[in-house]
Structures are given as C-alpha cells and as structure tokens.
Amino acid sequence: MTNPALESLAASGLDHTVTRHGRVRSLAEAAAARGVEPRDIIKTMVVRRGEGDHLLALVPGDRAISWPKLRTLLGVSRLSMPDAAAALEVTGFERGTITPFGTKTALPVVADERIRGRAVSIGAGEHGVAATLDGDAMLTHLGATVADITEPEA
C-alpha cells in the first residue's frame, strides 16, 4: 500500500528509511517506536498567512513555533493555524499525518534551523508511518527557508 507522501519520497531520490509502527499516543512513544530522540521527530504544521495563502513549518518534536519569530521572518503581522478541514483541503493529509512530501498543493516550507546537521524522522502521510532521512538533504530537496522559528516546548 502506498500514499502520495511515500510516492513523493520514492521519486525524490532522497535516501530514506520508512518505519511503520502504528498509532502512538505521545511524542516519546513515537520516538521510541522510530528509534530516535524526541527532538529528531519533525512536526509538519500548516500555517495560514492569509486567504488562500498557506505554508508548512517544520518544527523539531521538542519545540514549538515561536509566532513572533515566524511573523518577523515572513514580514507579516498575523498568522494562524487553519482548522483540520482546511489543513486537509490544502495538503491532502489529515492532521497527524501532514508531511511536506506529496501535498495536494505545492506549499512553501519554512524549517527551524535545528533540523540541520542530523538525521530526522518525519511523518509519511499515514498514522504510524514515518521516514527517517538526512535533515540537510531534506531541507535542500524541499527548497526550505531555514531560520530560527521555534522556542522550547512549554
């Protein structure tokens, strides 16, 4: 069985490993199932800049988006997160499975600088399915804008 994320990953030429671990209830449980540290799990968040204007923010598992930092980087005074239905409409993935690979709509990617220089694990379009790959190669492939956009998880 495949999905648009796995198809996109396969077509990308990026060296990656797919892990199928089933549903998990926490970041710690996901990290253990994937054999990585919580900080190595990358959350993909849909951010709404304006009407019909969305982007993806890639955030290490142990961190949260710093809204002031992201607004400053993007040069806007307001950002929000769309509801689950809008995120599904824009990406083709339901919440908890969103990934920058194989989205229904091509979206710009902004990634936290802490993703650089290490292997990371990112969702692969289904609950309990992830891909582990080199963070630098992923950022380059995605054409991501890389900056300090996070703060420690509260």
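Our structure is the block above this text.
All of the points below concern the structure found in this document. (Residues numbered from 1 in each chain as written. Predicted model: local features only at pLDDT ≥ 70, side-chain atom pairs only at ≥ 80, totals over all residues. Heavy atoms only, no water.)

Bringing the pairing of strand S6 (residues 119-123) into the picture now. Here S6 lies mainly inside the structure; 4 of its 5 residues are buried. Inspection of the sheet shows strand S2 (residues 41-50) paired to S6 by 2 bridges, in the parallel sense. Across the sheet, the residue bridging to isoleucine 41 is serine 121, located in S6. What sits between S6 and strand S7 (residues 129-134) in their antiparallel hairpin is a turn of 5 residues, with glycine 125 showing a positive phi close to 90°. (Buried < 20%, exposed > 50% of the residue type's maximum accessible area, 1.4 Å probe, protein only. Helix = DSSP H or I, 4+ residues; strand = E, 2+ residues; numbered from the N terminus. Pairing = 2+ DSSP bridges.)

What helix H1 (residues 4-12) keeps buried is the set Ala5, Leu6, Leu9 and Ser12. Summarising the axial view, the buried residues of H1 lie within an arc of 120°, below the 170-degree limit, and thus occupy one face. Facing away from the buried side of H1 by more than 90 degrees, the exposed set consists of Ala10 and Ala11. Looking at the packing, one finds that the buried side of H1 touches strand S1 (16-20), S7 and helix H5 (135-142). Backbone geometry just after H1 places glycine 13 at a positive phi near 80°. (Arc of directions from axis to C-beta. Contact = heavy atoms within 4.5 Å.)

All chains considered together, the criterion is met by 9 salt bridges. Note that lysine 43 is salt-bridged to glutamate 153, the shortest N-O span being 3.1 Å. Within this pair, whereas lysine 43 is found in strand S2, its partner glutamate 153 is found in the segment after strand S9 (150-152), the two being separated by 110 residues in sequence. For lysine 43, a relative accessible area of 26% translates into the label partly exposed. Note that aspartate 112 is salt-bridged to arginine 114, the shortest N-O span being 2.9 Å. (Salt bridge = Lys/Arg side-chain N within 4 Å of Asp/Glu carboxyl O.)

A word on the sheet that holds S6. With respect to topology, 7 strands assemble into an open sheet ordered S1-S7-S6-S2-S3-S5-S8, the strand pairing being mixed. Edge strands, defined here as strands with exactly one partner in the open sheet, are S1 and strand S8 (145-147). Mean inter-strand twist for the sheet, computed between neighbouring axes without regard to direction, equals 30°. As paired strands, S1 and S7 are joined by 5 bridges and run antiparallel to one another. Within S7, the position partnered with valine 18 by the bridge is alanine 131. (Axes fitted to C-alpha atoms, helices over the stretch in contact; angles between N-to-C directions.)

This next bit is on the side chain of threonine 103. Structurally, the position occupied by threonine 103 is in the loop between helix H4 (84-91) and strand S5 (109-112). Residue classification places threonine 103 among the buried positions, given a relative accessible area of 17%. Side-chain polar atoms of threonine 103 contact the backbone oxygen of threonine 105, separated by 2.7 Å. When residues no more than four places from it in sequence are discounted, the contact partners of threonine 103 are Leu56, Thr91 and Phe93. (Polar contact = N/O pair within 3.5 Å; in protein donor to acceptor, adjacent residues only side chain to side chain.)

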